Amino acid sequence: MFLDYFALGVLVFVVITLFYAVIAIHDILHLMAKARNRPHQDAIHVAGWVSLFTLHAIWPFLFIWATLYHDDRGWGIRQDGKLSAEVAG
């Protein structure tokens, strides 16, 4: 009898932990974009949640999108289309 309740408790704990883990995974991209002062923070946040419905197929692209921009050098591309010296360097 005790093992039945213990197994139920473990099952509830695992379900709650997985629920919060999914929320944390979907907010990682938004937190990264916010830390980098990214101009498209809200779009990245929404796209992170949309990736849940695409089974995370777009998550790698969102990761690149969230990390590509830097506050000090922008996108790292000059007006003529070439990489800046800091990026190529």
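How would you explain the environment of Asp27 if you had to name every residue and give the values?
Among the structural elements, Asp27 can be located in helix α1 (residues 2-35). For the pair formed by Asp27 and His45, sequence separation is 18 residues and the distance between their alpha carbons is 6.9 Å. Once residues within four sequence positions are removed from consideration, Asp27 is found in contact with His45 and Trp49.

I'd like to hear about the confidence of the model for the protein chain, residue by residue, with values.
Taken over all residues, the pLDDT of the protein chain has a mean of 84, while the share at 70 or more is 83%. In the model of the protein chain, helix α4 (residues 85-88) stands out as the element of lowest mean pLDDT, 56, in contrast to α1, which has the highest, 93.

Explain the side chain of His26 residue by residue, including any values.
One can find His26 in helix α1. For His26, the side chain forms a polar contact with the main-chain oxygen of Val22, separated by 2.7 Å. What His26 contacts, discounting residues up to four positions off in sequence, is Gly48, Trp49, Ser51, Leu52 and His56.

Tell me about the packing of aromatic side chains, and name the residues and values.
Following the criterion strictly, the structure yields three aromatic pairs and no others. Here the aromatic rings of Trp59 and Phe63 are separated by 6.2 Å at their centres, their planes lie at 20°, and the arrangement is stacked. Separated by four residues within a single helix, Trp59 and Phe63 lie in helix α3 (residues 59-68), roughly one turn from each other.

Tell me about unusual backbone geometry, and please be specific about residues and values.
Look at Asn37: it is not a glycine, yet its phi comes out positive at around 55°. Examined against the element boundaries, Asn37 turns out to sit in the loop between α1 and α2 (41-53). Classification of Asn37 by relative accessible area gives partly exposed; the value is 43%. Within the chain, Leu55 stands out as a residue other than glycine whose phi angle is a positive 55°.

Rules used throughout
Residues numbered from 1 in each chain as written. Predicted model: local features only at pLDDT ≥ 70, side-chain atom pairs only at ≥ 80, totals over all residues. Heavy atoms only, no water. Helix = DSSP H or I, 4+ residues; strand = E, 2+ residues; numbered from the N terminus. Contact = heavy atoms within 4.5 Å. pLDDT = per-residue confidence, 0-100. Polar contact = N/O pair within 3.5 Å; in protein donor to acceptor, adjacent residues only side chain to side chain. Phe/Tyr/Trp six-rings, centres within 6.5 Å; stacked < 30°, edge-to-face > 60°. Buried < 20%, exposed > 50% of the residue type's maximum accessible area, 1.4 Å probe, protein only.

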